[in-house]
Amino acid sequence: MYRSPRPARLRPQTLPAALLAATVICGVVMVTIGCSVSSPNQARLDIGGDLELTVELAETSEQQRTGLAGRASLEPGTGMLFPFDPAGPQRVWMAGMSFPIDIAWIRDGRILATDTLSVCITPDPDDCPRWDSPGDVDALLETIAGALDAIEPGTPVRTTD
């Protein structure tokens, strides 16, 4: 007499592994087709009519805390813009950064000051230097080192998108 085999059952301990595998596969598919769970907002900046950048907008406190830290590099013509509402004094540091950047402190659509920040290589990130804004700012721009060399205080900054 022939008995058909019973359908395979997942044992309770294999179910989490199966769910994990399905989640990983779904994530790979989403990345492959260009979808993401939360892609950063972007904007196009015109700086004084001489420089255009495509920037990610660091709008949440977590995005602003992380900034560009943990990235290996930044493509030319790109950056990150940190809008602050309300305007106020701000501070930045280079902990977790692996490449130097230029920053621009911005208030009311004009650059107040720029600076080039070096990588901090101290073993303790708390020992990394901090840079304070030159007054109240409503935005901070971070881009690749050297991109802002020709930009002077007072240069207008506007979004073009």
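Refer to the structure above for everything that follows.
Caption draft 1: Local environment of the sheet that holds strand β2 (residues 51-57). Taking strand neighbours across the sheet as the criterion, the seven strands line up as β6-β5-β8-β3-β2-β1-β9 in an open arrangement whose pairing is mixed. Each having just a single partner strand, β6 (110-117) and β9 (157-159) make up the two edges of the open sheet. Averaged over neighbouring strand pairs, the angle between their axes works out to 30° when direction is ignored.

Caption draft 2: Representation of the nonpolar core within the structure. Counting 19 residues, the largest nonpolar core has Ile101, Ile103 and Leu140 as the members making the most contacts within it. For this core, the secondary structure elements donating two or more residues are β3 (78-88), β5 (101-107) and β8 (137-144). Every residue in contact with Leu140, bar those within four places of it in the chain, is listed here: Met80, Leu81, Phe82, Phe84, Val92, Ile103, Ala104 and Trp105. Counting 16 residues, the second-largest nonpolar core is a separate cluster that includes Ala43, Leu53, Ala139 and Leu141.

Caption draft 3: Geometry of the pattern of salt bridges. For the coordinates displayed, the defined rule picks out five salt bridges. A salt bridge links Glu56 to Arg71; its shortest N-O distance comes to 2.8 Å. Here the residue Glu56 occupies a position in strand β2, and Arg71 occupies one in the loop between α2 (61-66) and β3, the gap between them amounting to 15 residues. Relative accessible area serves as the criterion here: at 18%, Glu56 is assigned to the buried category. The closest approach of N and O atoms between Asp108 and Arg107, which form a salt bridge, is 3.6 Å.

Caption draft 4: Looking closely at the pairing of β8. Within β8, six of the eight residues are buried, which leaves the element mostly enclosed by the surrounding structure. As defined by bridge partners, β5 adjoins β8 across six bridges and the pair is classed as antiparallel. Residue Trp105 lies in a different strand from β8, and its bridge partner there is Leu140.

Caption draft 5: Main features of unusual backbone geometry. Put simply, Asp85 and Pro86 share a cis peptide bond, and its omega is 10°. A positive phi angle, near 55°, is found at Asp108, a position not held by glycine. Here Asp108 is to be found in the loop between β5 and β6. For Asp108, a relative accessible area of 60% translates into the label exposed.

About the criteria used
- Residues numbered from 1 in each chain as written.
- Predicted model: local features only at pLDDT ≥ 70, side-chain atom pairs only at ≥ 80, totals over all residues.
- Heavy atoms only, no water.
- Pairing = 2+ DSSP bridges.
- Helix = DSSP H or I, 4+ residues; strand = E, 2+ residues; numbered from the N terminus.
- Axes fitted to C-alpha atoms, helices over the stretch in contact; angles between N-to-C directions.
- Core = buried A, V, L, I, M, F, W, Y, C linked by side-chain atoms within 4.5 Å.
- Buried < 20%, exposed > 50% of the residue type's maximum accessible area, 1.4 Å probe, protein only.
- Contact = heavy atoms within 4.5 Å.
- Salt bridge = Lys/Arg side-chain N within 4 Å of Asp/Glu carboxyl O.

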